[in-house]
Amino acid sequence: MTDTGLAQGWEMVIGLEVHCELATRTKLFCGCPNAFGDEPNTNVCPVCLGLPGSLPVLNRHAVELAMRIGTALHCEIRPSTFHRKNYFYPDMPKDFQISQYDAPINTGGRLELPDGSTVGIERAHLEEDTGKTTHIGGTGRIGGADYALVDYNRAGVPLVEIVSAPDVRSAAQARAYAGELRSILIATGASDGRMEEGSMRVDANVSVRRHGEPLGTRCEIKNLNSMRSLLRAITFEADRQVAQLESGERIVQETRHWDEGEGRTLSMRSKEEANDYRYFPEPDLVALVPDSRWQADVAASLGPLPAARRAILVGLLGGEPSPAQIDQIRSVVASDLDAIVTSACELGAPPALALARTANEVAANADRAASLDAGSFAKLLALESGGELSATQAKEVLAGLLANGGDPAEIAKTLGFESMRADDLAAVVAGVIDAHPGEWEKFADGDPKVAGFLTGQVMKASGGKANGKAVAAELARLRSGAGT
Amino acid sequence: MSGGDARPPSKPPAIGPEQVAHVARLARLELSDDELTRFTGQLAAALAYAAEIGELEVGDLEPMAHPLPLQNVLRDDEPEPTLDRDTVLAEAPAAEDHRFRVPRILGDEP
Ligand SMILES: [Zn+2]
């Protein structure tokens, strides 16, 4: 990661804070459902509304998911406590958020990125999410609105906040970190990782310095709701800081808001004094002390992590994967679809084809992927690799398979994809050669450029039924015949 | 969020009217000059009393996380009944569109 896109002589220093909503059935301290998109204020109770006399009780499964994250990130899992973070803002009805402060459950880990670089993890702690505030009227901006409406369904939903060390040196590496972390969150079952639904939210601390100089003043960028925003916002912010420093100004430490539409970061500074959260121990919760046996159980429950799963796919391909295949492997594992590839290969499917169809056609219809039968998928891949279905036909059959299931051969028949019999194909090829004697001569003389032309003519003449590989084989057969 | 040492200081922190005004502002309390003087005295006395505990010789004892001799109080991840929305919103000073209506917010989102 040497190309940062930054002006000559400058270096970015980036630390990332990722908030991840845990995939529990209920909230962190009460039995209200943890569900996205429900009717406002239907998942509330005395605990998450902060009504007097209510008491929080910690969700065991949330703790286990936090421990899974910690284990996957090579953290030390430690005895931990909860604190109250006090602030005056209506997204928490209690006027404080329960979080972990000086004794977080996970500390000191690392995340290895697919390119081989490593980013340190400072901590990964448990806390509760806040409610959802909508600003109404005025400019729509926080300070300019007429009033606000609050939905507390999200208040109390369990979060793990994962704080990286300032080890990231480019926007691309930041995106790789967020992508790999997301794969791990999904693989461990800790979260669905859906950025568009706010299940995974990224804040970036960005500073710049001239090579070899001490750390510069950092700005925290919020509102990064997609990988694209993360990349664009960091690039913009680092350029802004370099321009400011080169013109002799200094950087003010502040929080900045990413405006996706404007494509720039804006200061969120107000006249308000700096945040002073007055943390103190939460008296209603006792210490959380995961003993070694509990930790071992959690570690044993973890399946293979994304890096190991990518290695399995590389092994299936046998030999060095192409850059396109490396991308396919990453995306298939990140979308949790690699089991489809491995099961199809166990049933004899060609690995490269299984990978390509999964990364493209299956991933494009990921909602239906779970219902895809490995046996039917393997059979389809066999039909395609055996030349009975062309690539175009195989994709259509796969779409049918994903939509309704069934037998691939039957679906092919229903769609009219009877495979072309060898002598029918030979007749079409012969017809094309007769119609284009000049091109055929060039091909027979070994000019590879006309092969595509001839294949295209055969496909056209066969009405798309011919299989590209079979056509190439037939042309090659005739050429070797012509040469003797 | 940053970490830090949460152990209580063993000496009572000197508290003056500026700190009391600061804490009052954070809690959105409006104090008159008389109240500020009175509460500064009262808070200083309370802190001095609490600081007496800090005088005790406790050797190498680790600070306790909680006075109760308990840890790992946990519940299963099972949904429980929620409150009726109309009942809840009827208790609020203002509601709109099934949500709590609150005055315009000044300052930053935390
Ligand atoms: Zn609740």
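Here the structure is a predicted model, which is why all the values come from computation and not from measurement.

Here we take up the overall build of chain A. Counting its secondary structure elements, chain A contains 16 helices and 15 strands. Considering only C-alpha atoms, chain A reaches an extent of 90 × 55 × 50 Å along its principal axes. Per-residue burial over chain A gives 49% buried out of 484 residues. Look at the contacts in chain A between residues 6 or more apart in sequence, and 69% of them connect residues 24 or more apart. Surface summary for chain A: the accessible area is close to 21300 Å², and the carbon and sulfur share equals 51%.

Next up on the list: unusual backbone geometry. Phi at asparagine 41 of chain A takes a positive value of approximately 55°, unusual for a residue other than glycine. Tracing the sequence through the fold places asparagine 41 of chain A in the loop between strand E1 (10–21) and strand E2 (58–59).

What follows concerns the sheet that holds strand E3 (residues 99–103) of chain B. One open sheet accounts for 4 strands, arranged E8(A)-E9(A)-E3(B)-E2(B); its pairing is antiparallel. Two strands in the sheet have a free side with no partner beyond their single neighbour: strand E8 (132–136) of chain A together with strand E2 (95–96) of chain B. Where E2 of chain B meets E3 of chain B, 2 bridges bridge the pair, whose relative direction is antiparallel. Counted as the bridge partner of alanine 95 of chain B is phenylalanine 100 of chain B from E3 of chain B.

A word on the domain arrangement of chain A. Under the domain assignment used here, chain A contains domain 1 (10–300), domain 2 (306–414) and domain 3 (422–482). The straight-line distance from the C-alpha centre of domain 1 of chain A to that of domain 3 of chain A is 60 Å.

With that settled, consider the nonpolar core. Grouped burial of nonpolar side chains is what soluble globular proteins tend to show. Residues and elements named next belong to chain A. Counting residues in each nonpolar core, the largest one holds 84 residues, and the members touching the most others are Ile162 and Tyr177. Once residues lying within four places of it in the same chain are set aside, the contact partners of tyrosine 177 are Leu16, Val18, Leu111, Leu113, Val119, Ile121, Ile162 and Ser164. Judged by nonpolar contacts, the second largest core, of 32 residues, contains Leu337, Ala369, Ile411 and Phe417.

The next thing to look at is the packing of helix H14 (residues 437–444) of chain A against helix H15 (residues 449–461) of chain A. Residues and elements named next belong to chain A. Remark: H14 packs on H15, axes separated minimally by 9 Å, with the N-to-C direction vectors making an angle of 135°. When the axis of H14 is compared with that of H15, the two are oblique. Of the two elements, H14 crosses H15, and the hand of that crossing is left-handed. Seen from H14, the contacting residues are Glu439, Trp440, Lys442 and Phe443; seen from H15, they are Val450, Ala451, Phe453 and Leu454. For the contact of H14 with H15, a count of residues per class yields 6 nonpolar, no polar and 2 charged.

Ideal geometry at a metal centre gives angles of 109.5 degrees when four donors are arranged tetrahedrally and 90 or 180 degrees when six donors are arranged octahedrally. Residue and element names in this part refer to chain A. Around the zinc ion, the donor atoms from the protein are Cys30 (SG), Cys32 (SG), Cys45 (SG) and Cys48 (SG), and they sit 2.3 to 2.4 Å away. In this structure, the zinc ion is coordinated by 4 donor atoms arranged in tetrahedral fashion, with angles at the metal of 99 to 116°. Read in sequence order, the donor residues coordinating the zinc ion give the pattern C-x1-C-x12-C-x2-C. One end of the pair, cysteine 32, is in the loop between E1 and E2; the other, cysteine 45, is in the loop between E1 and E2, and 13 residues separate them in sequence.

Considering all chains together, one arrives at 7 aromatic pairs over all chains under this definition. Ring geometry for tyrosine 87 of chain A versus tyrosine 277 of chain A: centroids 6.4 Å apart, planes at 75°, classification edge-to-face. Of the two residues, tyrosine 87 of chain A is situated in the loop between strand E4 (83–86) and strand E5 (96–99) and tyrosine 277 of chain A in the loop between strand E14 (264–267) and strand E15 (280–281); the sequence distance between them amounts to 190 residues. Taking the relative accessible area as the measure of exposure, tyrosine 87 of chain A reaches 8% and is therefore buried. Relative to phenylalanine 443 of chain A, the ring of tryptophan 440 of chain A has its centre 5.5 Å away and its plane inclined at 35°; by these criteria the two rings are tilted. Residue tryptophan 440 of chain A and its partner phenylalanine 443 of chain A are both found in helix H14; the two are separated by 3 residues, about one turn of the helix. Each member of the aromatic cluster is reached from another via a ring pair, and the members are Tyr87, Tyr101, Tyr277 and Tyr279 of chain A. Against the face of phenylalanine 443 of chain A rests arginine 479 of chain A, its NZ or CZ located 4.3 Å from the ring centre. Looking at arginine 101 of chain B, its charged tip hangs above the ring of tyrosine 147 of chain A, at a distance of 3.5 Å from the centre.

Analysis parameters
- In this numbering scheme, every chain counts its residues from 1 along its sequence in written order.
- Here the convention is simple: chains get letters from A, ligands get numbers from 1, in the order in which they are written.
- Note on the predicted model: pLDDT of at least 70 is required for a residue's local features to be given, and 80 or more for side-chain atom pairs to be given and counted; whole-chain, interface and lining totals, by contrast, use all residues.
- Water and hydrogen atoms were dropped before computing side-chain values, which therefore reflect all heavy atoms in the structure.
- Segments assigned H or I by DSSP are reported as helices when at least four residues long, segments assigned E as strands when at least two residues long, and all are numbered from the N terminus.
- Only protein chains enter the calculation, and the probe is 1.4 Å; a residue is then buried if its accessible area is under 20% of its type maximum, exposed if over 50%, and partly exposed in between.
- Throughout, a residue-residue contact means that at least one pair of heavy atoms, one from each residue, lies within 4.5 Å.
- Where accessible areas are quoted, they stem from the Shrake-Rupley method and a 1.4 Å probe; at the residue level, only the protein chains shown are allowed to cover.
- A pair of strands counts as paired when DSSP detects no fewer than two bridges linking them.
- For the domain bounds, the source is a domain assignment made automatically or taken from a database.
- Put simply, buried Ala, Val, Leu, Ile, Met, Phe, Trp, Tyr and Cys residues joined by side-chain atoms within 4.5 Å make one nonpolar core.
- Comment: axis = line fitted to C-alpha atoms, over the contacting stretch for helices; angle = value between 0 and 180 degrees taken between N-to-C directions.
- The labels follow the angle: roughly parallel below 35 degrees, roughly antiparallel above 145, roughly perpendicular from 65 to 115, and oblique for the rest.
- Crossing handedness is read from the near helix: turned anticlockwise from the far helix by less than a right angle, it gives a left-handed crossing, and turned clockwise, a right-handed one.
- For this scheme, ten residues count as nonpolar: Ala, Val, Leu, Ile, Met, Phe, Trp, Tyr, Cys and Pro. Four count as charged, namely Asp, Glu, Lys and Arg, and the remainder, Gly too, count as polar.
- Sites may look incomplete because water is not among the atoms; the donors themselves are N, O and S atoms within 2.8 Å of the metal, or within 3.2 Å for Na, K and Ca.
- Irregular is the label for any site that misses the other tests, which are tetrahedral for four donors with all angles between 85 and 135 degrees, and square planar for four donors or octahedral for six when opposite donors exceed 155 degrees and the remaining angles lie between 65 and 115.
- Here a pair means two rings of Phe, Tyr or Trp (six-membered ring of Trp) with centres within 6.5 Å. Their orientation is stacked below 30 degrees between planes, edge-to-face above 60, and tilted elsewhere.
- Note on geometry: a ring has a charge over it if NZ (lysine) or CZ (arginine) is within 6 Å of the ring centre and within 35 degrees of the ring normal.

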